[in-house]
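Understanding the architecture of this molecule
Below, each chain spelled out in residue letters.
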Amino acid sequence: MAAPSKKHVPIPYRPDFSRTNSSKENRKSLFQLINILESSSRIKNASSSASVRKALGSVRVTEEQSRVPRSFGMDTIFESIEEANLYDPIEQEKKQEQVPEPEPEPKSKPETKPKSVIQGTKTRCTFPYSILFSTFLYCGEASSALYIASIYHTSNQNNWMVYTMVFFLIASIMDQLTLIFVHRDLTKDKPLLLLMHLILLGPVVRCLEAMFKYYEMRQNSEEDEPYVSLIRKRMFINDQEVLLEWEMSHSQRVLSMHRNAYKRMSQIQAFLGSVPQLTYQLYVTSISTEMPIERVVLMAFALISVTYGATLCNMLAIQIKYDDYKFHLHICDIICVTIWRSLEITSRLLILVLFVATLKSRALPFLIINYVIILFEPWVRFWRSGAQMPNNIEKNFSYVGTLVVLASITILYSAISFSCWPAMQLRLDDRELVEKSQNWNHMAVHYFVRLVENIIMVLVFRSLGTKILLDYCHTFIALQLILAYVISIVFMLLFYQYLHPLRSLFPRNVIDYLHCVCCPWASRVRSENLESTFETQLRQSIV
């Protein structure tokens, strides 16, 4: 058989790549693309399209390569390869692998949530006894101070008259400013009310306004007001924490604002007016032979005002520290706090009076240094913390206004600390301005320092005060005063251990603090005993 001629032998088509300047990798990728396109079956998943794009390398992508096979034999055409990659499962898996897994959040202690929610009824309208009582104390102390000042003027005791009037005016002016600040009357158009505050009759007018509001609420108690707010507080019922919800109308909120304003006013009246007034009248009584009934009335009003203001310190401290909780003080709690505060303040002021009457002007440096230390202690702590000035007291206040308000709060805090325990610690570096945790160390340091001061002043009176109270035994008086102060500390411990309305929220109670801090050797011995018992049990188990 003759060999076929070369003219009839089919020559396979071989593309000439010698003209291109592509590398061997580009040739290889192009052949792979041709073989894939000429294959008998279509690519039905996205993994093969991803391998094609890997094989192409640096070859230019055309519109046909942006086809991504979809299910049911249909292709979807995208405008760019980036849009096609969004639907590519391989690319999505790679992106998921590249995204780092989020770090697990640190486990925090689970918050104690109330187990049940109680829907309370509408708030009951109660008579504002506290407003009426605060106004009565203000008017009684003011009238008695003015009357005793007139008696001092007629008897040519000008120094006594001046000091009596100064203490009365300082407290009265601060009371007016407190009511104006709480009610924000400077931004309102109430000229008659501001005039009443200028003539020192603001508390009386505010009391009448609160009474009218109360009787108006009583008359309209059956009608529903259009403006009602929902209040939520936590409360302990049968040793279980529940969430209590109730409605409060606009009138009730206005009456509540009046109550809060008078509580602040009573505190300022007590520690900026009544404490200096009571101390000075006791001093006048100790150096004079007469005891007029007018002075007795003034000292009685001042003592009641101081005791009431100190009792309010405890209540307001509980409200500020535990703002999310609703609580009620029983009659036993109020009696315990009243005895504690009355004994503490009375013994402290009597000791100060006897000390000043003994040393006269020589006692002033000791008292001034003591007060200055209390006054600047919060500011020194604020300076050492490096914090900035808090700017959330009032949004309309400037830097100077904020500084004035903080200075006023510091003066009130130092006046309370000078005569009794303030029930909270002032923290200018904190946003809330007070420390909300129960600080047993602050309480222990305060009472320890005051007890040492009282003992020193009583010893000075016992040794040098021979010309004061000639008809009484100085030793017996000194023992009575120290014993009264110690009894007040006992009532304070009793209240915080057994009668505090929210004592279940304390991380440690009084007994635990005494065991941990005051008796460290007991805890050390207890730990050593536990270790010894563990070692003996371990040896017995081995044997």
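Above this text sits the structure in question.
One structure accompanies this document, and this report is about it.

Rules used throughout
Residues numbered from 1 in each chain as written. Predicted model: local features only at pLDDT ≥ 70, side-chain atom pairs only at ≥ 80, totals over all residues. Heavy atoms only, no water. Helix = DSSP H or I, 4+ residues; strand = E, 2+ residues; numbered from the N terminus. Buried < 20%, exposed > 50% of the residue type's maximum accessible area, 1.4 Å probe, protein only. 1 Å grid on protein atoms, 1.4 Å probe; cavity = no way out; pocket = protein on both sides within 12 Å on 5 of 7 lines; lining within 4 Å. Points joined across faces, edges and corners; volume = space filled by probe spheres on them. Expected span 1.5 Å × (residues − 1). Patch = residues over 30% accessible without salt bridge, like charges linked within 9 Å, V, L, I, M, F, W, Y side chains within 5 Å. Areas by Shrake-Rupley, 256 points an atom, 1.4 Å probe, with all protein chains shown as cover. Salt bridge = Lys/Arg side-chain N within 4 Å of Asp/Glu carboxyl O. Axes fitted to C-alpha atoms, helices over the stretch in contact; angles between N-to-C directions. Parallel < 35°, antiparallel > 145°, perpendicular 65-115°, else oblique. Left-handed = near helix turned anticlockwise from the far one by under 90°. Contact = heavy atoms within 4.5 Å. Nonpolar A, V, L, I, M, F, W, Y, C, P; charged D, E, K, R; others polar. Phe/Tyr/Trp six-rings, centres within 6.5 Å; stacked < 30°, edge-to-face > 60°. Lys NZ or Arg CZ within 6 Å of the ring centre and 35° of its normal.

We now examine the overall build of the protein. Helix and strand counts for the protein come out as 17 helices and five strands. Relative to its 543 residues, the protein shows a buried fraction of 37%.

Moving on, we get to empty space enclosed by the protein. In total, this model carries five cavities of 30 Å³ or more according to the counting rule given. Considering only enclosed or pocket space, the largest cavity measures out at about 60 Å³ in volume. Lining of the largest cavity is provided by Asn-314, Ala-317, Ile-318, Lys-321, Tyr-322, Ala-423, Gln-438, Phe-495, Tyr-496 and His-500. Mapped onto the lining of the largest cavity, the elements with two or more residues apiece are helix H10 (293–321) and helix H15 (474–499). Looking at the lining of the largest cavity, the element that brings in the most residues is H10, giving four residues.

The next subject is helix H11 (residues 331–359). With 29 residues, H11 should cover 42 Å at 1.5 Å per step; its first-to-last C-alpha distance of 42 Å lies within 8% of that length. In the stretch just after H11, Lys-360 is the one whose phi turns positive, near 60°.

Here we come to a nonpolar patch on the surface. Together, Leu-192, Leu-195, Leu-198, Ile-199 and Leu-201 make up a nonpolar patch on the protein surface, roughly 510 Å² of accessible area in all. Within the fold, Ile-199 resides in the loop between helix H7 (191–198) and helix H8 (202–219). With relative accessibility at 44%, the residue Ile-199 sits in the partly exposed group.

Attention now goes to the packing of helix H9 (residues 250–287) against H11. In the contact formed by H9 and H11, the axes pass within 9 Å of each other and the chain directions differ by 50°. When the axis of H9 is compared with that of H11, the two are oblique. The crossing of H9 and H11 is right-handed. Counting all contacts with H9, which are made through Val-275, Leu-278, Thr-279, Leu-282, Tyr-283 and Ser-286, the residues of H11 involved are Leu-349, Leu-350, Val-353, Val-356 and Ala-357. Residue composition of the contact of H9 with H11, grouped by class: nine nonpolar, two polar and no charged.

Another point: the environment of Val-458. With respect to the helices, strands and loops of the structure, Val-458 is situated in helix H14 (residues 440–464). For Val-458, a relative accessible area of 6% puts it in the buried group. Sequence separation of Val-458 and Ala-478 is 20 residues, and the distance between their C-alpha atoms is 5.8 Å. For Val-458, the contacting residues outside a window of four places in its chain are Ile-351, Ala-478 and Ile-482.

Of note in the backbone geometry, Asn-156 takes a positive phi value of approximately 60° without being a glycine. Its place among the elements puts Asn-156 in the loop between helix H5 (129–154) and helix H6 (158–183). Judged by its relative accessible area of 63%, Asn-156 falls in the exposed class. Positive phi is not limited to glycine here, since Lys-360 has a value of about 60°. Of the residues examined, Lys-360 reaches a relative accessible area of 43% and is grouped as partly exposed.

As a further point, take the layout of surface pockets. Within this model, the second largest pocket holds a volume of roughly 970 Å³. Taken together, 27 residues line the second largest pocket, and the ones lying closest to its centre are Phe-167, Pro-276, Thr-279, Leu-367 and Phe-418. Listed by contribution, the elements that provide at least two residues to the lining of the second largest pocket are H6, H9, H11, helix H12 (364–385) and helix H13 (399–419). Top element by residues in the lining of the second largest pocket is H9. It accounts for nine residues. Taken together, the residues of the lining of the second largest pocket break down into 23 nonpolar, three polar and one charged.

Inspection of the entire model under this criterion finds 19 aromatic pairs. Seen from their ring centres, Tyr-371 and Phe-418 are 6.1 Å apart, and the 80° between their planes marks the pair as edge-to-face. With Tyr-371 in helix H12 and Phe-418 in helix H13, the pair connects residues that are 47 residues apart, well separated along the chain. The exposure class assigned to Phe-418 is buried, which follows from its relative accessible area of 16%. Chaining the aromatic ring pairs together yields one cluster made of Trp-340, Trp-421, Trp-440, Tyr-447, Tyr-485, Phe-495 and Tyr-496. Here the basic side chain of Arg-341 rests over the ring of Trp-340, its NZ or CZ set 4.4 Å away from the ring centre. In this structure, Arg-348 packs its charged tip against the face of Phe-418, placed 5.3 Å from the ring centre.

In this structure, His-183 sits in helix H6. On the basis of relative accessible area, His-183 is assigned to the buried category, the value being 6%. Non-local contacts of His-183, meaning those with residues more than four positions away in its chain, are made with Lys-188, Arg-206, Met-257, His-258 and Ala-261.

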